[in-house]
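Structural features, examined
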Amino acid sequence: MTTTRSTPRSTKDWQAADAAHFLHPFTDHQGLASQGARIITRADNIYLWDNDGHKILDAMSGLWCVNVGYGQQDLVDAATRQLQTLPFYNAFFQTATPPAIELAEKLAEVSPPSFRQVFFSGSGSEGNDTVVRMVRRYWDILGQPERQVIISRNNAYHGSTMAGASLGGMSGMHAQGGLPIPGIVHIEQPFAWLHGRGLSDDEFGRQAASWLQDKIVEIGADKVAAFIGEPVQGAGGVIVPPASYWPEIQRICDKHGILLVSDEVITGFGRTGHWFGCETLGFKPDLMTFAKGVTSGYIPLGGVLVGDRVGRVLVEQGGEFAHGYTYSGHPVACAVGLANIRLIQRLGLVQHVHDDVGPYLAAAFEALRAHPLVGDVQTCGLMAALQLVQDKADGNAFPESLGVGMVCRGHCFREGVIMRAVGDRMIIAPPLVITRAQIDEMMTLIRRCLDLTLADAQRRGWLR
Ligand code: PXG
């Protein structure tokens, strides 16, 4: 392991101050305080270093966001220049700043043809709050205010604000705070390993889409405003739907005139091998939420890309849309976003994922199917998942109480690779700049962690 000294403050000291003052997101604070947070101090390319100098391969791109990798000087320069010139001005009262205009123009260039306009927010959650307000406003303007209901899916993740968490299908989040808010309902997710046993991929994709049709009939199409989904569910465990799913969802939405919203917060900006996940999965949404990869996470920024169907109504018939954030179109964030997209273009990263490292990662993950713990594998571009199973022959899961995914994640931590555990599904989404040689290096680490987890499971008698 490489060792570097980056700060005079000891890790124990950082951890004590952290435990005393910093309430972390999605964290059991007593649990964290008892073990101490890992203090990350610097990063370069696809690697992080902690306060003790340990080098870690970041196979999660920060939190699905550092698409161009760490240490890109272009983004630093863009932020510095903008901070010096104009660190902030708002876009509320008939004003605009050049970076916000230029980024809006650039987003229209890289999006599918019907997307010409953008509404900026500070995060993905705020982007999805904007979606809720925008689709309801759209139907209001068209004289159909009773179209209020938004249909989403179990195990979806759409953020953590009241609307974001309501759109999301995480039962643990709904249980805290009386969610979902009214007018948001959920159908089952297109997770073949869990819900599609005995069906072909094609059949299961159609069946999972038919649950949308059933829900629309149950509610009444004249009450449904929109359907929202992540092209590939990210936080839910990198769940890649069958190829038949999204085209069928599109057909059902079109049939009932329902707006289709693609949450591209994770799948946008090259992650799946196209600029947006809907292009990879084969559908044409009316709205797209984005965040994360738009700035490669260097600075917070999100928003909603607005297609012509909604854009025309809002602009030509809507008057004032009473919605916005202080940081809608923040000039520094937009300058970084613009530099980031230009860099993705200059480095050819979307093509790199599509033609080179995407297929290479898929082959490497396919080869893991032979491992005794691996019951299923799914990949899409630079997103990938491994399902850990107790019994390879029948594909049965481990009892949840054993926490096998967390055991594996613990090994990843110690071995120097960041992988997420969603239950017993181990997932990755590395920076798009990753090379084949780095994928080999990552796979060596992942195999080692699987072997260590297998040894634990054998020792504890967890295998059948
Ligand atoms: N939509 C999707 C699809 C997301 O993945 C959000 C919206 C919300 O974005 P903000 O910027 O408000 O966080 C997300 C965020 C995880 C994890 O554990 C994933 C996210 C956030 C935090 C943790 O995988 N995705």
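Definitions and cut-offs
- Residues numbered from 1 in each chain as written.
- Predicted model: local features only at pLDDT ≥ 70, side-chain atom pairs only at ≥ 80, totals over all residues.
- Heavy atoms only, no water.
- Helix = DSSP H or I, 4+ residues; strand = E, 2+ residues; numbered from the N terminus.
- Rg over C-alpha atoms; globule rule 2.2 N^0.38 Å.
- Buried < 20%, exposed > 50% of the residue type's maximum accessible area, 1.4 Å probe, protein only.
- Contact = heavy atoms within 4.5 Å.
- Areas by Shrake-Rupley, 256 points an atom, 1.4 Å probe, with all protein chains shown as cover.
- Lys, Arg positive; Asp, Glu negative; His and termini not counted.
- Charge placed at Lys NZ, Arg CZ, Asp CG, Glu CD.
- Domains from an automatic or database assignment.
- Buried area = accessible area lost by both parts, 1.4 Å probe.
- Salt bridge = Lys/Arg side-chain N within 4 Å of Asp/Glu carboxyl O.
- Polar contact = N/O pair within 3.5 Å; in protein donor to acceptor, adjacent residues only side chain to side chain.
- Nonpolar A, V, L, I, M, F, W, Y, C, P; charged D, E, K, R; others polar.
- Near = heavy atom within 4 Å.
- Pairing = 2+ DSSP bridges.
- Right-handed = clockwise from strand over helix to strand, strands pointing away.
- Axes fitted to C-alpha atoms, helices over the stretch in contact; angles between N-to-C directions.
- Parallel < 35°, antiparallel > 145°, perpendicular 65-115°, else oblique.
- Left-handed = near helix turned anticlockwise from the far one by under 90°.

Observations regarding the overall build of the protein chain
- When helices and strands are tallied, the protein chain shows 17 helices and 15 strands.
- The globule rule puts the C-alpha radius of gyration for 464 residues at 23 Å, and the 22 Å found for the protein chain is close to it.
- Viewed in the frame of its principal axes, the protein chain has a C-alpha envelope of about 65 × 60 × 45 Å.
- Per-residue burial over the protein chain gives 56% buried out of 464 residues.
- If you take every contact in the protein chain between residues at least 6 apart in sequence, the share linking residues at least 24 apart comes to 71%.
- By element, 54% of the accessible surface of the protein chain is carried by carbon and sulfur atoms, the whole surface being about 19,500 Å².
- Averaging the coordinates of the 39 positive side-chain charges in the protein chain and doing the same for the 46 negative ones gives two points 2 Å apart.

As for the domain arrangement of the protein chain
- Once the domains are mapped, the protein chain shows domain 1 (26-58 + 349-459) and domain 2 (74-347).
- In this complex, domain 1 contributes 30 residues to the contact, which on the side of domain 2 involves 27 residues.
- Summed over both partners, the interface of domain 1 with domain 2 comes to about 2,100 Å²; 67% of that surface belongs to carbon and sulfur atoms.
- The largest per-residue losses of area from domain 1 upon contact with domain 2 belong to Leu 349, Val 350 and Met 383, which jointly make up 30% of the total buried on that side.
- Connecting domain 1 to domain 2 are zero salt bridges.
- On inspection of domain 1 and its partner domain 2, the count reaches nine residue pairs in polar contact (both at pLDDT 80 or more).
- Elements supplying a minimum of two residues to the side of domain 1 that touches domain 2: helix H15 (349-367), strand E11 (374-380), strand E12 (383-388), strand E14 (420-422) and strand E15 (425-428).
- With five residues, the top contributor of residues to the side of domain 1 that touches domain 2 is E11.
- Residues belonging to the side of domain 1 that touches domain 2 are distributed by class as follows: 18 nonpolar, eight polar and four charged.

Observations concerning the side chain of Arg 136
- Inspection of the secondary structure puts Arg 136 in helix H6 (residues 124-141).
- Buried charged residue Arg 136 carries no salt bridge. Nearest counter-charge: Asp 140, at 8.9 Å.
- At 3.4 Å, the side chain of Arg 136 forms a polar contact with the backbone oxygen of Gly 183.
- Those residues in contact with Arg 136 that sit more than four places away from it in its chain are Gln 148, Ile 150, Pro 182, Gly 183 and Ile 184.

Structural notes on the site of the ligand
- The full set close to the ligand counts 16 residues, and Trp 64, Gly 124, Ser 125, Asp 263 and Arg 420 are the nearest of them.
- The contact in question runs from a nitrogen atom of the ligand to an N or O atom on the side chain of Asp 263, over 2.7 Å.
- The protein chains hide 83% of the 540 Å² of surface that the ligand would expose on its own.
- Elements with a contribution of two residues or more to the shell around the ligand: helix H3 (61-64) and H6.
- With three residues, H6 is the largest single contributor of residues to the shell around the ligand.
- Considering only residue class, the shell around the ligand consists of six nonpolar, six polar and four charged.

Looking at the pairing of strand E7 (residues 224-229)
- For E7, a buried count of six out of six residues is recorded, marking the element as mostly surrounded by other parts of the structure.
- Inspection of the sheet shows strand E5 (residues 149-153) paired to E7 by three bridges, in the parallel sense. Bridging across to E7, Val 149 finds its partner in Val 224.
- In the classification by handedness, the crossover that spans E7, the intervening helix H11 (residues 245-256) and the parallel strand E8 (residues 259-263) is right-handed.

Topic: the packing of helix H10 (residues 201-219) against H11
- At their nearest, the axes of H10 and H11 sit 8 Å apart, and the two run at 20° to each other. Compared by their axis directions, H10 and H11 come out roughly parallel. For H10 against H11, the interelement crossing comes out right-handed. On H11, the residues that touch Gly 205, Arg 206, Ala 208, Ala 209, Ser 210, Leu 212, Gln 213 and Ile 216 of H10 are Tyr 245, Glu 248, Ile 249, Ile 252, Cys 253, Lys 255 and His 256.
- When grouped by side-chain class, the residues that make up the contact of H10 with H11 number eight nonpolar, four polar and three charged.

Some thoughts on the packing of helix H4 (residues 73-85) against helix H14 (residues 331-347)
- It is the contact of H4 with H14, at a shortest axis distance of 8 Å, that shows an interaxial angle of 155°. When the axis of H4 is compared with that of H14, the two are roughly antiparallel. In this structure, H4 crosses over H14, and the sense of that crossing is right-handed. Between H4, through Asp 74, Leu 75, Ala 78, Ala 79, Gln 82 and Leu 83, and H14, the contact on the second element is made entirely by Pro 331, Val 332, Ala 335, Val 336, Ala 339, Asn 340, Leu 343 and Arg 346.
- When its residues are assigned to classes, the contact of H4 with H14 shows 10 nonpolar, two polar and two charged.

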